[in-house]
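Secondary and tertiary structure notes
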Amino acid sequence: MRFYDLIFLAFSTLVRYPLRTLMLLIATSIGVMAVILLTAVGEGARDYITGQFKDMGTNLLFVVPGKNETSGGMGPVDLAGVAPRDLTVEDAISLRRIEGVKNIAPIVIGETPAQFNGLERSVPIIGTTPSFLAVRNWEMEVGNFLPGVTLDRSPPVCVIGKEVESELFGKNNAIGQWLRVGDRRCRVTGIIGTEGRAIGIDTQKIVVMPVSLATALFNRPSLFRIAVQASNTWEMDQIKKDIIRIIKKRHQGKEDITVIRQDAVMQSFDNIFNVLTMALASIASISLFVAGILIMNVMLVAVSQRQSEIGLLKAIGAKNKQISYLFMTEAIILSGTGAILGLVFGHTITQVLKLAFPTFNFLPPLWASFVSIIVALVSGIVFGLLPARRASKLDPVIALSGNK
Amino acid sequence: MIQLENLCRHFEVGNQIVRALDEVTLEINKKEYLSIMGVSGSGKSTLLNILGLLDTPTSGDYVLSGINTSKMNDDEMAHIRSTKIGFIFQSFHLIPRLTAAENVEIPMVLSGLNSKERKERADNALARVSLTDRADHRPEQLSGGQRQRVAIARSIVMEPDVLLADEPTGNLDSASSKEIIKLIEELNKGGLTLMLVTHDVEMGSRSDRLIELLDGKIINDKKN
């Protein structure tokens, strides 16, 4: 039997039973569509998260107080491990001498009420230096970001997010106004233009002030962390070593800090989301196997319904393998066409979702399309084998005496 | 052309053995027109199935055109069915989704003939059964007699040596039956060996030779 004739015969059967064919196509296409959509969500989430890190730049290091290590065995002093000393502004200042460091931004965070003209709301506070603007790649909508502030100097200035501006100042011009923050006052010098989140805080809701003002406000000398921006990525390993060395020296020989590379964190998230996407694809692939089982069930019924036809084909000279090929071809056409339809629907819905949610980038990975098609085809072939074998092994006499 | 030697076909039904054919010995000559008659369960269809290589005997030999078919595997038997044997069934067995011409082409499709040759042969076969104008009709658009003529065209399109007809007029009215009988008799006159299973005494009497079966044995073998 020629290939074209095989396709024609299989296709004519599928057309003859349109409802059955349609149901099987829907089942397979839903499976493929699920793979495309779920991987698009997974990849979109990965892109979003890593994008957030990339926006900050990959040449960042974070110095965090405390260090995880095994304790004990060295005597009573070490029983509790290394008790971390506070990370202070002076520590941040000491890092300025490291070669290859572009910016240093100490960070203090807290929350306190902010008041203006009788209006009050609780706001998250970030205490830092002007370097923070460069470190975070922020843009100002209006005004300046902490003018005159250095690691050593803390004039009473602050910048605010858009929501803080609209809620507390309304239609008044916030620039130049005195804002009461906790028991302190600071003059508003600018409005943050960037939207999004920083250290888990909505930038539209925050007040940013000099680091020393924040430590005084919260009556807490310790920093939340220090952000160190390297001039070049390749210098980061050396800078990391230098940071540990300097801080260790300042903390009486105790290595009580952890230095985290931004690119390493980003890589970790990247890996996590890759695994997540793969897991989503695997879960969705189950539906493809379900579709395969459905194809098998329906084709087993079809073998029974088409006994007479199978008997006839055998009577006029069809070999067992030709009968088998015929049923296998039907299964492959069903799963293949279903997979292609699933791809078209999946990618179309992805595009619609992109339009509906422009901030979230739905990115169906290329491998998902290939894998879903292959899984659908393999599923069709594997689950088509049993009905095909059953059809080919039918006794022609019994088959001919079957339904007519 | 056909020799059956002590042919038996037994079926196990529960604990019992049913002897559908019992020690049948028969010789059929080329171009012979043979009718097989008998009551229901006498073994007519079993004999026809074995002659058509759709079934295999429990014991005994079946030699077709000098080839002993007893040791053939499924594929070899399929090849013989495809090239040497044509079938006509009581219920036509046309594939409903295909046109008359496509139904006639099916044996050639299975044999791997190219579409041009298939079309030529199918047109000729349909012309021989006077159905050229119905080539593009599906079975549901044809009368019973026309469907059987399509089945006849399909059975002869591979130019077989033997034509096996299992009650070919069983589902037809008398006018159509006469047409069909006339047609297959013409094919026999054209050189085909014809074996016809029938309940119809009148039809049986038209053949060159009539054998009668009872309980799997030939009880009568006479020339008309």
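Above: the structure in question.
Treat the numbers as computed from the prediction; the structure is a model and nothing was measured. What you see as residue numbers is a count from 1 along each chain, following the sequence as written. By the order in which they are written, chains take letters starting at A while ligands take numbers starting at 1. This being a predicted model, a pLDDT of at least 70 is required before a residue's local features are given, and a value of 80 or more before pairs of side-chain atoms are given or counted; all residues contribute to the totals for chains, interfaces and linings. The side-chain quantities take in all heavy atoms of the structure and omit both hydrogens and water.

The next point concerns the overall build of chain A. Of the regular secondary structure elements, chain A holds 12 helices and 12 strands. In terms of overall dimensions, chain A is more spread out than a globule: its C-alpha atoms have a radius of gyration of 33 Å, far above the 22 Å expected for 404 residues. Principal axes of the C-alpha set define a box for chain A whose edges measure 100 × 65 × 35 Å. Burial here depends on accessible area, computed with a 1.4 Å probe over protein chains only, as a share of the maximum for the residue type. Under 20% is buried, over 50% is exposed, and the range in between is partly exposed. A buried classification covers 48% of the 404 residues belonging to chain A. Looking at chain A alone, contacts between residues at least 24 apart form 78% of all its contacts between residues at least 6 apart. Using the Shrake-Rupley algorithm and a 1.4 Å probe, accessible areas are obtained, with residue cover drawn only from the displayed protein chains. Only carbon and sulfur atoms are counted for the fraction: they give 60% of the accessible area of chain A, which is about 19200 Å². Counting from the N terminus, the helices are DSSP H or I runs at least four residues long and the strands are E runs at least two residues long. Here the radius of gyration uses the C-alpha set of atoms, whereas the globule reference equals 2.2 Å times the residue count to the power 0.38. It only takes one pair of heavy atoms within 4.5 Å for two residues to be counted as in contact.

All names here are of chain B. Here four strands make up an open sheet; going across it, the order is β2-β1-β4-β5 and the pairing antiparallel. Strands with a single pairing partner mark the edges of an open sheet, and in this sheet they are β2 (16-28) and β5 (67-68). Where strand β4 (residues 59-64) and β5 come together, two bridges link them in antiparallel fashion. Across the sheet, the residue bridging to Leu 64 is Ile 67, located in β5. Only the stretch in contact is used when fitting a helix axis, every axis being a line fitted to C-alpha atoms; angles between N-to-C directions are given from 0 to 180 degrees. The strands touched by helix α1 (residues 44-51) within the sheet are β1 (2-13), β2 and β4, with β1 carrying the most contacts at an inclination of about 120°. In this description, strands pair whenever DSSP reports at least two bridges between them.

Attention now goes to helix α4 (residues 115-128) of chain B. Residues and elements named next belong to chain B. A helix is expected to span 1.5 Å multiplied by its residue count minus one. Over its 14 residues, α4 runs 20 Å from end to end, which matches the ideal 20 Å to within 8%, given 1.5 Å per residue. Listing the buried residues of α4 in full gives Arg 118, Ala 122, Ala 125 and Leu 126. On an axial view of α4, the arc spanned by its buried residues comes to 95°, and they lie on one face. Facing away from the buried side of α4, by more than 90 degrees, are the exposed residues Lys 116, Asn 124 and Arg 128. Think of a polar contact as two N or O atoms within 3.5 Å of one another; within protein, one of them needs to be a possible hydrogen donor and the other a possible acceptor, and neighboring residues in sequence only count if both atoms come from side chains. Regarding α4, its N-cap is Asn 114, as a side-chain oxygen of that residue lies 3.2 Å from the backbone nitrogen of Lys 116 further along. Arc, as used here, means the arc of the directions from the helix axis to the C-beta atoms.

We now examine the side chain of Glu330(A). Residue and element names in this part refer to chain A. In this fold, Glu 330 is placed in helix α10 (residues 320-356). On the basis of relative accessible area, Glu 330 is assigned to the buried category, the value being 1%. Beyond its immediate sequence surroundings of up to four residues, Glu 330 is in contact with Ala 10, Thr 13, Leu 14, Arg 20, Met 299 and Arg 306.

On to the pairing of strand β5 (residues 157-160) of chain A. Residues and elements named next belong to chain A. Of the two faces of β5, the one carrying Val 157 and Val 159 and the one carrying Cys 158 and Ile 160 are both buried. Pairing geometry for β5 and strand β10 (residues 207-210), over two bridges, is antiparallel. Looking at β10, one finds that Ile 160 is bridged to Val 207.

By themselves, these are just geometric observations and shouldn't be taken as functional.
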